[in-house]
Amino acid sequence: HKARLRHHGTLDIDPRYEMTEEARFWSKVDLSGECWVWTNRLNNHGYGVFNTYLGDKTFKHLAHRYALRVLGLLDESLVVLHSCDNPRCVNPEHLSQGTQGDNMRDAARKGRIRNQFGEQQNRDGLTNAERAAGRSPRQLKRLRALARR
């Protein structure tokens, strides 16, 4: 108790700890737009992160997955896709579930796949620079093979 008093200046319990886990989750969501935007902590990829606690253990959840879990809609074996392409969105109407293959096809269809150099690649596998050079995929394949020797 002395530590709480020294650190917080009071022995009163923080009201956010009196909320249910679900109420605490939704209190961190801006519901004003079409996308329900996560307003709390984000990971390095821009996805919301929500912590839950059991005893002295902390569990980290991706906010969009937690939104489906709390509604009883999450299949833990699947990934969650955003139809809105907003990683902070937790609106269940914008979320669907699928395999990782579904996720990659969705990203490719929307032009979000990049090669290891950070360049956009299209269905023919060419970067914009290669396409601008006017070489065919067959010619470029040969050049790449020669460059590896």
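Right above here is the structure, for reference.
So, here's what we can say about the structure. (Residues numbered from 1 in each chain as written. Predicted model: local features only at pLDDT ≥ 70, side-chain atom pairs only at ≥ 80, totals over all residues. Heavy atoms only, no water.)

## Notes on the overall build of the protein
The condition is simple: The helix count covers DSSP runs of H or I at least four residues long, the strand count covers runs of E at least two residues long, and both are numbered beginning at the N terminus. Here a residue-residue contact requires only that any non-hydrogen atoms of the pair lie within 4.5 Å. What sets the accessible areas is the Shrake-Rupley method with a 1.4 Å probe; for residues, cover comes only from the shown protein chains.
Within the protein, the regular secondary structure consists of six helices and six strands. Across the protein, the fraction of contacts at a sequence separation of at least 24, relative to all contacts at a separation of at least 6, is 32%. For the protein, the computed accessible surface area is about 10,900 Å², with 51% contributed by carbon and sulfur atoms.

## Details of the packing of aromatic side chains
The geometry of an aromatic ring pair is captured by the separation of the ring centres together with the interplanar angle, meaning the angle of the planes. Note the threshold: Stacked, edge-to-face and tilted labels apply to pairs of Phe, Tyr and Trp rings (six-membered ring for Trp) whose centres lie within 6.5 Å, assigned for plane angles under 30 degrees, over 60, and everything in between, in that order. For each residue, the accessible area found with a 1.4 Å probe, counting protein chains only, is set against the maximum for its type, and the residue is called buried under 20%, exposed over 50%, and partly exposed in between.
Counted under the stated rule, the structure contains seven aromatic pairs. Between Trp38 and Phe50 the ring centres are 5.9 Å apart and the planes differ by 80°, which places this aromatic pair in the edge-to-face class. Note that Trp38 is positioned in strand β2 (residues 37-38) and Phe50 in strand β3 (residues 49-54), a separation of 12 residues in sequence. For the ring pair Phe50 and Tyr66, a centre distance of 4.8 Å and an interplane angle of 50° mean the geometry is tilted. Of this pair, Phe50 sits in strand β3 while Tyr66 sits in helix α3 (residues 63-70), and the two are 16 residues apart along the sequence. We classify Tyr66 as buried; its relative accessible area is 5%. The rings of Phe25, Trp26, Trp36, Trp38, Phe50 and Tyr66 are connected pair by pair, giving a single aromatic cluster.

## A look at the environment of Asp75
To be explicit about the condition: Think of a polar contact as two N or O atoms within 3.5 Å of one another; within protein, one of them needs to be a possible hydrogen donor and the other a possible acceptor, and neighboring residues in sequence only count if both atoms come from side chains.
Looking at the secondary structure, you find Asp75 in the loop between α3 and β5 (79-82). A C-alpha to C-alpha distance of 9.3 Å links Asp75 and Gly98, two positions 23 residues apart in sequence. Not counting residues within four places of it along the chain, the set of residues in contact with Asp75 comprises Arg65 and Gln97. At a separation of 2.7 Å, a polar atom in the side chain of Asp75 contacts the side chain of Ser77.

## Side note on α3
Three- or four-residue spacings in an α-helix give side chains the same orientation, since the helix completes a turn every 3.6 residues. Judged by how many residues are buried, α3 sits mostly within the fold: six of eight residues are covered. Turning to α3, its buried residues are Ala63, His64, Arg65, Tyr66, Ala67 and Leu68. Where α3 terminates, the next one or two residues include Gly72, which has phi positive at roughly 75°.

## Examining the pattern of salt bridges
Note on pairing: side chains with opposite charge can pair once their charged atoms come close. Test applied: Salt bridges are defined by distance alone: a side-chain nitrogen of Lys or Arg within 4 Å of a carboxyl oxygen of Asp or Glu.
Under the defined criterion, the tally for this structure stands at six salt bridges. Taking the shortest distance from any N to any O, the salt bridge between Glu76 and Arg65 comes out at 3.5 Å. Here Glu76, found in the loop between α3 and β5, pairs with Arg65, found in helix α3; they are 11 residues apart in sequence, far enough to count as distant. Given the relative accessible area of 15%, Arg65 is considered buried. The salt bridge partner of Asp106 is Lys110, with a shortest N-O separation of 3.2 Å. Exposure remark for Lys110: the relative accessible area of 32% places this residue in the partly exposed category.

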